Amino acid sequence: MTKSDPKTYRVKSFGCQMNVYDGERMSEMLSDQGMAAAADGENADLVVLNTCHIREKAAEKVYSDIGRLRQADGSTPMIAVAGCVAQAEGAEISRRAPSVDIVVGPQAYHRLPELIDTAKTGRKALDTDMPPASKFDVLPGRKKQPRPTAFLTVQEGCDKFCTYCVVPYTRGAEISRPWSDLVDEAKALVDGGAREITLLGQNVNAWSSEDDKGRIQGLDGLIRALDRIDGLDRIRYTTSHPNDMTDGLIAAHGEVPKLMPYLHLPVQSGSNRILKAMNRSHSRDSYLEILRRVREVRPDIALSGDFIVGFPGESDSDFEETLSIVEETEYAQAFSFKYSPRPGTPAATMDDQIPREIMDERLQRLQALLNKQQMAFNQQTVGRRTTLLLERKGKLDGQLVGKSPWLQSVHVIAPGLSIGDLVEVDIESAGPNSLSGTLVERIAA
Ligand code: SAM
Ligand code: SF4
C-alpha cells in the first residue's frame, strides 16, 4: 500500500441513494486522475468512506469501518471520510481516528484531487466548505454505466428544517441544478447504457429551474423532457415532500408513459400533534388528500413512505394514529425507523424522550403491519402481465432478476437474455420481498 502515492481506490457509500450517486461521481473523478478502481477482494491504496449521518447507528459505523482498514502489519491505506459525517464532525474525525487522512464534505468532494495531494505530503486535509460554485460544474462528464439503471441528482439540500433531521445542516440549503445540465447528463447516461433514470433529491419535487426557453419548470416539466429521450424507457424520482407535490406532478403520473407507477412520499407520523412538533408543515389529512389525487390519476400506483416512531412526546394514541394512517393508505412498501436524537437538532433537547423499549415495541408493531401490506400488494400483482428491466443475475442457472414498474424484484428464468434487457413477463407467484414470473417476450435488448 502506498499512502504517499495511491494508485488504486475504492469508494464505499452508505446511506441514501444520493450518496450512491456522489460515490459514482467520486469514482469517475478518481479514474479521470489516472487512478484505477481496486479489484474485488484486493486492498486499495485509497479508501473513500462516503458516510451517512441521518441516525446515530449510521454515523457511528464509520469508526468501526476505519478500524477494519488496518492491516495485520499495522499499516492503513490513505483514508478519506466523505459525506454527511464528514460535514457534521469535521476535524473531530481525524482526532478520534488518527489514521484518517482526508475529511471532505458532500459539497466539496470535487476538490478530492487537491486533498489527496495534501495527504501525500503527510498532512491532514480537511474541506467542509459549501462553496457557492457548484461541484457539478467541475466534475468530469458521465462515463459508460455498468448497469441499466442510473441515478441523477437534480436537487440537493433542504430548507424545511424538520426538528429531528440533520440534512439541512449537513447538505446545506436547497439548490436545483440547471435544466440543460440535467437534460445533457440524462442523455449521456442513456448513451452510456442506462434505460432507467431515477431523479434524486432530498426533496426532489422541490426542484425548479428555467428551461432552455426561459420558462420556469417544476419536476413534472423535467420528467416530460426526459420522457422524450429515445432509448430511455423508465423514469422514477425520490424522495418527495408532501408540500411540494404540485398539481403538475400529480397530473404527470397519469400522463407520462415512462414515469413509473411508484411514489415514495414520507409522512413520518399519522398524528397531527406530532407532525406539528416535527415541523412537517403538512397534516395527516393534507397528506391523505395527495395520495387520493395520485390514485385517481394512476389507480395502480405503488405507494411508499417513511415513518419515525418514538419522536419525543409521542403518546400511545399518537402512535395509534400512525398505525391508522398506514391502515388507511395500504402501502406497497415503506421504511420505518426508531427516532434517533441528532446533535444540534431541536428535537434532541425536547422533553419527554421516549424510552428505547417503547420505541422497540412500536417499531415491531408498525413493521408487522407494513410487512403484511407489502405482501398483500405483491399478491395483488400475481396474474398480471407486465414489464421487467433485468438488473442482475439470480441464484439459479439462467435466472435473472429485474424490477417491475412497481419496484418489486421479480425472478425469471430467461435463457439467452441479458442484464439490461426489457422484457414482458407474467407474474406467477409472490413472496414478501420478491416475486417470480415467466417470460412472455423480449421487448428491447
Ligand atoms: N426529505 C425527505 C422527507 O422529508 O420526507 C426525507 C429525507 S431523510 C434523508 C430520510 C428519512 O430518514 C426521513 O424521511 C426520516 O424518516 C428518516 N430520519 C431523518 N432523521 C431521522 C432521525 N433523527 N431519526 C430517525 N429517522 C430519521
Ligand atoms: Fe430532513 Fe425534513 Fe428536509 Fe426531509 S424535509 S430532508 S426530513 S429536514
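Residues numbered from 1 in each chain as written. Chains lettered and ligands numbered in written order. Predicted model: local features only at pLDDT ≥ 70, side-chain atom pairs only at ≥ 80, totals over all residues. Heavy atoms only, no water.

A. Highlighting the pairing of strand E3 (residues 46-51). Along E3, 6 of the 6 residues are buried, which leaves the element largely enclosed by surrounding structure. Neither face of E3 is open: one carries Leu-46, Val-48 and Asn-50, the other Val-47, Leu-49 and Thr-51, and all of them are buried. Both E3 and strand E4 (residues 78-83) contribute to a ladder of 6 bridges, which runs parallel. Note that in E4 the partner of Thr-51 across the bridge is Gly-83. With respect to chirality, the unit in which E3 leads through helix H2 (residues 56-68) into the neighbouring parallel E4 is right-handed. (Buried < 20%, exposed > 50% of the residue type's maximum accessible area, 1.4 Å probe, protein only. Helix = DSSP H or I, 4+ residues; strand = E, 2+ residues; numbered from the N terminus. Pairing = 2+ DSSP bridges. Right-handed = clockwise from strand over helix to strand, strands pointing away.)

B. Region of interest: the environment of Phe-307. Inspection of the secondary structure puts Phe-307 in strand E15 (residues 302-309). Spatially, the C-alpha atoms of Phe-307 and Phe-335 are 6.3 Å apart, while their sequence positions differ by 28 residues. Apart from residues lying up to four places away in sequence, Phe-307 is in contact with Val-267, Gln-268, Thr-322, Ile-325, Val-326, Tyr-331, Ala-334, Phe-335, Ser-336, Phe-337, Leu-366 and Leu-370. (Contact = heavy atoms within 4.5 Å.)

C. Structural view of the side chain of Arg-25. Note on placement: Arg-25 falls in helix H1 (residues 17-32). Given a relative accessible area of 3%, Arg-25 falls into the buried group. Those residues in contact with Arg-25 that sit more than four places away from it in its chain are Tyr-109, Phe-136, Leu-139, Pro-140, Arg-142, Arg-177 and Glu-185.

D. Local environment of the sheet that holds strand E6 (residues 125-127). Sheet architecture is open: 6 strands sit in the order E2-E1-E3-E4-E5-E6, paired in parallel fashion. Both edges of this open sheet fall to strand E2 (36-37) and E6, since each of them pairs with a single strand only. Pairing geometry for strand E1 (residues 8-13) and E3, over 5 bridges, is parallel. The residue of E3 that forms the bridge with Lys-12 is Leu-49. Relative to E3, H2 is tilted by about 165°, and along the sheet it contacts E3 and E4. Most of the contacts of helix H5 (residues 112-120) go to strand E5 (residues 102-104), to which it runs at about 160°, and overall it touches E3, E4, E5 and E6. (Axes fitted to C-alpha atoms, helices over the stretch in contact; angles between N-to-C directions.)

E. How the structure looks around the site of ligand 1. Near ligand 1 there are 19 residues, and of these Gln-202, Gln-268, Arg-280, Asp-306 and Ser-340 occur at the shortest range. In this structure, a nitrogen atom belonging to ligand 1 sits 3.0 Å away from a main-chain N or O atom of Tyr-164. Contacts to ligand 1 include Gln-268, whose side-chain N or O atom sits 2.7 Å from an oxygen atom. Considering ligand 1 on its own, with 570 Å² of exposed area, one finds that the protein chains cover 90% of that surface. Residues belonging to the shell around ligand 1 are distributed by class as follows: 7 nonpolar, 7 polar and 5 charged. (Near = heavy atom within 4 Å. Polar contact = N/O pair within 3.5 Å; in protein donor to acceptor, adjacent residues only side chain to side chain. Areas by Shrake-Rupley, 256 points an atom, 1.4 Å probe, with all protein chains shown as cover. Nonpolar A, V, L, I, M, F, W, Y, C, P; charged D, E, K, R; others polar.)

F. Fine view of the nonpolar core. The biggest cluster of nonpolar side chains holds 77 residues, and the ones touching the most others in it are Ile-102, Leu-199, Leu-219, Leu-222 and Tyr-237. Of the residues forming this core, the biggest block, 6 residues, is contributed by helix H7 (residues 179-191). In contact with Tyr-237, other than residues within four places in its own chain, are Thr-198, Leu-199, Val-204, Leu-219, Ile-223, Met-245, Leu-249, His-253, Leu-259 and Leu-263. (Core = buried A, V, L, I, M, F, W, Y, C linked by side-chain atoms within 4.5 Å.)

G. Local environment of the site of ligand 2. Around ligand 2 sit Cys-158, Lys-160, Phe-161, Cys-162, Tyr-164, Cys-165, Val-167, Pro-168, Asn-203, His-241 and Arg-280, and those are all the residues in its vicinity. The residue inventory of the shell around ligand 2, partitioned by class, reads 7 nonpolar, 2 polar and 2 charged.

H. Local environment of unusual backbone geometry. Here the amide bond leading from Thr-238 into Thr-239 is cis, since omega sits at 0°, within 30 degrees of zero. Here Thr-239 lies in the loop between strand E13 (234-238) and helix H9 (247-255). The backbone phi angle of Gln-268 is positive, close to 80°, even though this residue is not glycine. Locating Gln-268 in the fold gives a position in the loop between strand E14 (262-264) and helix H10 (272-277). Look at Leu-407: it is not a glycine, yet its phi comes out positive at around 65°. Structurally, Leu-407 is set in the loop between strand E18 (399-403) and strand E19 (409-413). A relative accessible area of 24% places Leu-407 in the partly exposed class.

I. The arrangement of the pattern of salt bridges in detail. Under the criterion given, the structure shown has 41 salt bridges. One salt bridge in this structure joins Arg-142 and Glu-24, with 3.6 Å as the shortest N-O distance. Taken together, the positions of Arg-142 in the loop between E6 and strand E7 (149-153) and Glu-24 in helix H1 put the pair 118 residues apart, joining distant regions of the chain. For Arg-142, a relative accessible area of 13% puts it in the buried group. One salt bridge in this structure joins Lys-160 and Asp-244, with 2.8 Å as the shortest N-O distance. Of the two residues, Lys-160 is situated in the loop between strand E8 (155-156) and helix H6 (167-170) and Asp-244 in the loop between E13 and H9; the sequence distance between them amounts to 84 residues. Three or more residues are tied together by salt bridges with common partners; here these are Glu-24, Arg-25, Glu-28, Arg-142, Arg-147, Arg-177 and Glu-185. (Salt bridge = Lys/Arg side-chain N within 4 Å of Asp/Glu carboxyl O.)

J. Inspection of the packing of H9 against helix H11 (residues 284-297) at higher detail. With their axes 7 Å apart at the nearest point, H9 and H11 run at an angle of 35° to one another. Along this stretch, H9 crosses H11, giving a crossing that reads as right-handed. Between H9 and H11, the residues in contact are Asp-247, Ile-250, His-253 and Gly-254 and Ile-290, Arg-293, Val-294 and Val-297, respectively. (Left-handed = near helix turned anticlockwise from the far one by under 90°.)

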